[in-house]
Amino acid sequence: MTKITNNKEYFEDSFDNLTLPDARFEGIIFEECDFSHCNFTAVKFVRCRFIHCRFDQCNLSVMEMPDTRFNEVSFTECKLSGTDWTRAYWPAFNPDPELCFTQCLLNNASFFGLTLQGLKMLACRLHDVDFRECDLSKAELLDCDLAGSLFNRTILQAANFTASHGFTIDVLNNPIAGATFSRLEALSLLESLGIELVD
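Residues numbered from 1 in each chain as written. Predicted model: local features only at pLDDT ≥ 70, side-chain atom pairs only at ≥ 80, totals over all residues. Heavy atoms only, no water.

Trainee: Looking at this structure, I do not really get the overall build of the protein chain. What am I missing?
Mentor: Looking only at helices and strands, the protein chain has one helix and 15 strands in total. Here the protein chain has a C-alpha radius of gyration of 18 Å; the compact-globule value for 199 residues is 16 Å, and the two agree. Summed over all atoms, the accessible surface of the protein chain reaches about 9700 Å², with 47% contributed by carbon and sulfur. (Helix = DSSP H or I, 4+ residues; strand = E, 2+ residues; numbered from the N terminus. Rg over C-alpha atoms; globule rule 2.2 N^0.38 Å. Areas by Shrake-Rupley, 256 points an atom, 1.4 Å probe, with all protein chains shown as cover.)

So this is what it looks like as structure tokens:
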């Protein structure tokens, strides 16, 4: 089992079954690394970098990540509830950090104001997530439960919401040109226009 040490670089390492809740890590670069079945609840990653990394069945709830950068990182069957993604470092020159979440729990997370073009969220639970003022152009939120999530001045142009449900999106406040929705769920978009549907 690989041990994590501050201010070190890891390349193509695997981290399995680590239990390190509330730990603090600083200045670490992880490249092409795999994390499996790790408990990182309330962990602080400070000024770290994750490049081409994969997290599988990890608990990262209420993780803190001040000035930490993510690029081409995937999360599969992970718990990420209560995570404030706005604390991470998102360089303006990289509008698509290539993040992918598959079958993850992200309730009460915040992406407020972030540019995450091309973001992928597949079969995730996204209750009460803050997407206000985000740029989610060409994002894929497929088969997701978005109950209570916030969209306001969110750029959703060419985004794909196929099979997702529970969302409330005001089409007058959120640019959605070219976006894709399942036919039945798309009817909820009419609520913001004050349109009443009858049989």
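Here the narrative resumes.
Trainee: Can you help me understand the nonpolar core in this one?
Mentor: Nonpolar side chains tend to gather and get buried jointly when the protein is soluble and globular. Phe30, Phe35, Phe75, Trp85, Phe101 and Phe111 are the most contacted members of the largest nonpolar core, which has 59 residues in total. Contributions of two or more residues to this core are made by β10 (73-76) and β11 (99-102). Apart from the residues within four sequence positions on either side, phenylalanine 30 is in contact with Ile4, Tyr10, Phe15, Phe35, Phe45, Arg49, Phe50, Ile51 and Cys53. (Core = buried A, V, L, I, M, F, W, Y, C linked by side-chain atoms within 4.5 Å. Buried < 20%, exposed > 50% of the residue type's maximum accessible area, 1.4 Å probe, protein only. Contact = heavy atoms within 4.5 Å.)

Trainee: How should the packing of aromatic side chains be read in this particular structure?
Mentor: One pair of aromatic rings is described through two measures. These are the centre distance and the angle between the planes. Applying the stated rule across the entire model yields 27 aromatic pairs. Between phenylalanine 167 and phenylalanine 181, the aromatic rings sit 5.5 Å apart at their centres with planes inclined by 50°, giving tilted as the arrangement. In this pair, phenylalanine 167 is assigned in the loop between β14 (160-161) and β15 (180-181) and phenylalanine 181 in strand β15, connecting sequence segments 14 residues apart. (Phe/Tyr/Trp six-rings, centres within 6.5 Å; stacked < 30°, edge-to-face > 60°.)

Trainee: Help me understand unusual backbone geometry in this model?
Mentor: Leaving glycine aside, a negative phi is the common case for residues, and trans is the common case for peptide bonds. For aspartate 143, which is not glycine, the phi torsion reads 55° and is therefore positive. Along the chain, aspartate 143 turns up in the loop between β13 (140-142) and β14. Positioned with a positive phi, arginine 153 is a non-glycine residue whose angle comes to about 55°.

Trainee: Can you walk me through the pattern of salt bridges in this structure?
Mentor: A side chain with one charge may pair with a side chain of the opposite charge, provided their charged atoms come close. In the structure shown here, the tally under the stated rule is seven salt bridges. In this structure, glutamate 26 and arginine 47 form a salt bridge, with 2.9 Å as the shortest nitrogen-oxygen distance. Remark: arginine 47 occurs in the loop between β6 (44-46) and β7 (49-51) and glutamate 26 occurs in strand β3 (residues 24-26); sequence separation between them is 21 residues. A relative accessible area of 21% means that glutamate 26 is categorised as partly exposed. Glutamate 133 is paired through a salt bridge with arginine 153; the nearest N and O atoms lie 2.9 Å apart. Taken as a pair, glutamate 133 in the loop between β12 (120-122) and β13 and arginine 153 in the loop between β13 and β14 lie far apart in primary sequence, 20 residues in all. Overall, glutamate 133 belongs to the partly exposed group, its relative accessible area being 34%. Exposure remark for arginine 153: the relative accessible area of 53% places this residue in the exposed category. A single salt-bridge network, built from bridges that share partners, covers Arg24, Glu26 and Arg47. (Salt bridge = Lys/Arg side-chain N within 4 Å of Asp/Glu carboxyl O.)

Trainee: Sorry, what's going on with the sheet that holds strand β4 (residues 29-31) here?
Mentor: Whether parallel or antiparallel, the strands of a sheet pair through hydrogen bonds between backbone atoms. Spatial ordering of the open sheet is given by β1-β4-β7-β9, a layout of four strands whose pairing is parallel. This sheet does not close on itself; its edge strands, each paired only once, are β1 (9-11) and β9 (69-71). Across the sheet, the mean angle from the axis of one strand to that of its neighbour is 5°, orientation sign disregarded. One ladder, built from three bridges, connects β7 with β9; its direction is parallel. Opposite arginine 49, over in β9, you have arginine 69 as the bridge partner. (Pairing = 2+ DSSP bridges. Axes fitted to C-alpha atoms, helices over the stretch in contact; angles between N-to-C directions.)

Trainee: Can you walk me through the side chain of serine 149 in this structure?
Mentor: Mapping serine 149 onto the fold places it in the loop between β13 and β14. For serine 149, the side chain forms a polar contact with the main-chain oxygen of leucine 126, separated by 2.4 Å. Those residues within four positions of serine 149 in sequence are excluded, and the remaining contacts are Leu126, His127, Asp128, Val129 and Phe131. (Polar contact = N/O pair within 3.5 Å; in protein donor to acceptor, adjacent residues only side chain to side chain.)

Trainee: Honestly, the environment of leucine 146 in this entry has me stumped. Any pointers?
Mentor: Of note, leucine 146 is situated in the loop between β13 and β14. In this structure, the C-alpha to C-alpha distance between leucine 146 and histidine 165, residues 19 residues apart in sequence, is 6.1 Å. Residues in contact with leucine 146, not counting those within four places in the same chain, are Leu126, Phe131, Leu141, Phe151, Phe161, Ser164, His165, Gly166 and Phe167.

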